Every structure is written in C-alpha cells, then in structure tokens.
Amino acid sequence: VARECGIIPAKNKVYMSEAVREGSITKLAWNQIEFIEDEENDLPLVMEEVKESEIDNPRKAQEMEVSNVVEYVSRELSDTLAIQLEKNLRSIKRSNISTLIKVRKRTVAEEGLDELEDRHPWDNADHDFSLVFTGDSFGLLMKKDPKAAKEETKEILKRSAVFARMSPDGKALLIDALQNQDLLVGMCGDGANDCVALKAADVGISLSEAEASIAAPFTCKTPDISCVLKLLREGRSALITSFQSFKFTALYSIIQFTTMTLLYYNSTTMTDYEFIYVDLITLMPLAFTISLTRAAGKLSKEQPMNTLICLPILASIIGQALIQIIFQVFLWPTV
C-alpha cells in the first residue's frame, strides 16, 4: 500500500524493524523486505526467501504457495513478523494482483540497546532505502533516545516511511520526536486512540465526527486523507490573504499620511465628504475583494512566510511606500 501511494518510492529497498526478545535481552532487528509485482496476473501469489548466503550471489530460491506462508514465516522468521503477516493474509488472498514477496534474512541486532553505531544493514550501502517501524520496535528505539537528539536517531526518523500498529502513547511519542527535529507535524485520525496524537500534532485532522473530533481542531466528513491537500491550500491562502491585508492597510495609511502632510504644507485640507469618499468608495471595496481571493488549485512546493517581520514583506511595504511618496512629492506637482 505504501508503494502504491508513493510513500515508499518504487526503487527504494525496505528494511523492517522488529523487537526480538531473547531471554532477558530485547533486541532491535532489521529485515530487508521486497514486494515486487508480477505482470502476469494468472500466476499464484508466492513468497520467496533469499538467505544470507544468497544476497551477494543470488540464485533462484524456493517458492511457496500463499497457503503455506504463515507456517513458513513462523518457522523462519520471528514471532512478531509472523503474526503481522498472518493478520494480513486474508487481504492478501483477496488480491487479484500477483505479488512476489522477498524476505532477505539480513538481520542486525542491537543487544542491550548499547551498540547502535555501524551495525545497520544499510550502512555503506549504495542504494536508496526506506524504513518501516512497528509500535514495539519504535518504543525500543525511543527508549534509548527519548528526545531523538542523537544524529543517528534523526537519520532513522528521516528515512522512516511507515509506522504501523502504534499504541496511543506511541503515536504521541512519534509526533514529539518529529517535532524535536523542528518539523511541523500533521496527524489524521478517526478513533479515540488517536486523540492524544491529534492534540499533540501541530495540525490535527479528525476523519470522523466521533471522539477524535473533540481533540482535533479540524474535522473532515470524508473518511480519507484527501482533505490534507485542501487544508494546506486553504491554510496557505488564509495566511497570504492576512499578509496582503496588512500590507494594504499599511500602504493606505502611508499614502494618506503623505497626502495630508502635503495638504497641510500648502495650507489646505480635505473636507469631511472627501474623507468619506476615500474610506467608503475607495478603501472598502478593495478591502472586501481581498477576502474573496480563493486558494490556488495546485499546491506549491514553496512555503509562504510565517511571520510579518521578514525581508520580503518589509521590502514590499517600504518599496511601495517609496514609490508613492516619490510620485506624490516630486511627480504629481509637475503633471
């Protein structure tokens, strides 16, 4: 699903984490997993294993029918990964697309969580990769670095694309870890178990009108994440409209100040009706039409400024003010 949605690029290799308990020691292990679509739909769904000795010298491995996947996984892999595949087996059987699943038994353990450095299977790799976490394995990672302050943890979070089977506290912990990387985090949820994460996120979107809508500042009646793009477009539009309104009001004040200064210099002033005409006929229609500006149909990669005190906005105001002052003071008397 992550590949089909573009969350994991098609060319990226996938490493899945799992928490493995051996006696009193809990280890964090990584398995390289590949999902490859077969163009011939009439072939059965199969699972192929590439053993450690076959990674550098590939050869055709043993293929197994989908009905034997659970038994096969339970014997060859850890219990955690076997349970996950077993729960998804029914949905896999219903799929009409023939899929080849490769599980490369290239596992690296972190005994006692004290040996993180240079022990990952993707170290010194010349390929792009994505990481997949489960709730147990992510909790194990955060136990070593709760604030995600280490460079290695930051790199792992940057490369992670999927976080599955997370508890409510685990979701909140993930959002806190991402926010510690100076990232703005959005969260979509539709149940009571998402309330903590929705409240902790910078942007929380409830996909239902149930309990999650109480904790989330935004609620969408459509039960999918298509509302995220619309929310981003409308949010950016509202922010830019606010900035434009501020610049319009500031320039209007500067223009009126310059005008009144010149009139007082020439021993004259505006009448009350002239003030009413400027405010009601000239200013109000322009201020009203600014609020009618719609959001762009396409979301841009460039983010708008998030503060009024920044060079682009100040340069725009000062530049327009100078143009108006030069025109009123030097050019208008010569016309």
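## Structural notes on the pairing of strand β1 (residues 13-22)
- When you tally the buried positions in β1, you get seven out of 10 residues, the bulk of the element.
- Sheet topology note: the β1/strand β6 (residues 129-134) ladder contains four bridges and is parallel. Within the sheet, the bridge partner assigned to Val14 lies in β6 and is Ser130.

## Some details on the pattern of salt bridges
- Enumeration over the complete set of coordinates arrives at three salt bridges.
- Taking the shortest distance from any N to any O, the salt bridge between Glu155 and Arg159 comes out at 3.2 Å. Here Glu155 and its partner Arg159 are both found in helix α5 (residues 151-159), four residues apart, which amounts to about one turn of the helix.
- Assessed through its relative accessible area of 36%, Glu155 is described here as partly exposed.
- According to the relative accessible area criterion, Arg159 is partly exposed, its value standing at 30%.
- One salt bridge connects Lys171 with Asp194, and the closest N-O pair in it is separated by 2.4 Å. You can see Lys171 sitting in helix α6 (residues 168-179) and its partner Asp194 sitting in the loop between β8 (186-189) and α7 (195-200), a full 23 residues away along the chain. Comparing Lys171 with Asp194, the two get one shared label, buried.

## Some thoughts on the nonpolar core
- Core analysis: the largest hydrophobic core is formed by 26 residues, its most contacted members being Phe138 and Leu157.
- When contributions to this core are tallied by element, the ones reaching two or more residues are β1, β2 (25-37), β6, α4 (135-144), α5, α6 and α7.
- Not counting residues within four places of it along the chain, the set of residues in contact with Phe138 comprises Phe133, Leu157, Phe163, Met166, Gly170, Leu173 and Leu174.

## Observations concerning helix α9 (residues 227-265)
- A rise of 1.5 Å per residue sets the reference length of α9, with its 39 residues, at 57 Å; its end C-alpha atoms lie 57 Å apart and thus fit the reference within 8%.
- Buried within α9 are the following residues: Cys227, Ser237, Thr241, Phe243, Lys247, Ala250, Leu251, Tyr252, Thr258 and Met260.
- Looking at the buried residues of α9, the elements they touch are β9 (203-206), α10 (272-290) and α11 (311-331).
- Just beyond α9, the residue with positive phi is Ser267, at close to 60 degrees.

Reading the values: rules and limits
- Residues numbered from 1 in each chain as written.
- Predicted model: local features only at pLDDT ≥ 70, side-chain atom pairs only at ≥ 80, totals over all residues.
- Heavy atoms only, no water.
- Buried < 20%, exposed > 50% of the residue type's maximum accessible area, 1.4 Å probe, protein only.
- Helix = DSSP H or I, 4+ residues; strand = E, 2+ residues; numbered from the N terminus.
- Pairing = 2+ DSSP bridges.
- Salt bridge = Lys/Arg side-chain N within 4 Å of Asp/Glu carboxyl O.
- Core = buried A, V, L, I, M, F, W, Y, C linked by side-chain atoms within 4.5 Å.
- Contact = heavy atoms within 4.5 Å.
- Expected span 1.5 Å × (residues − 1).

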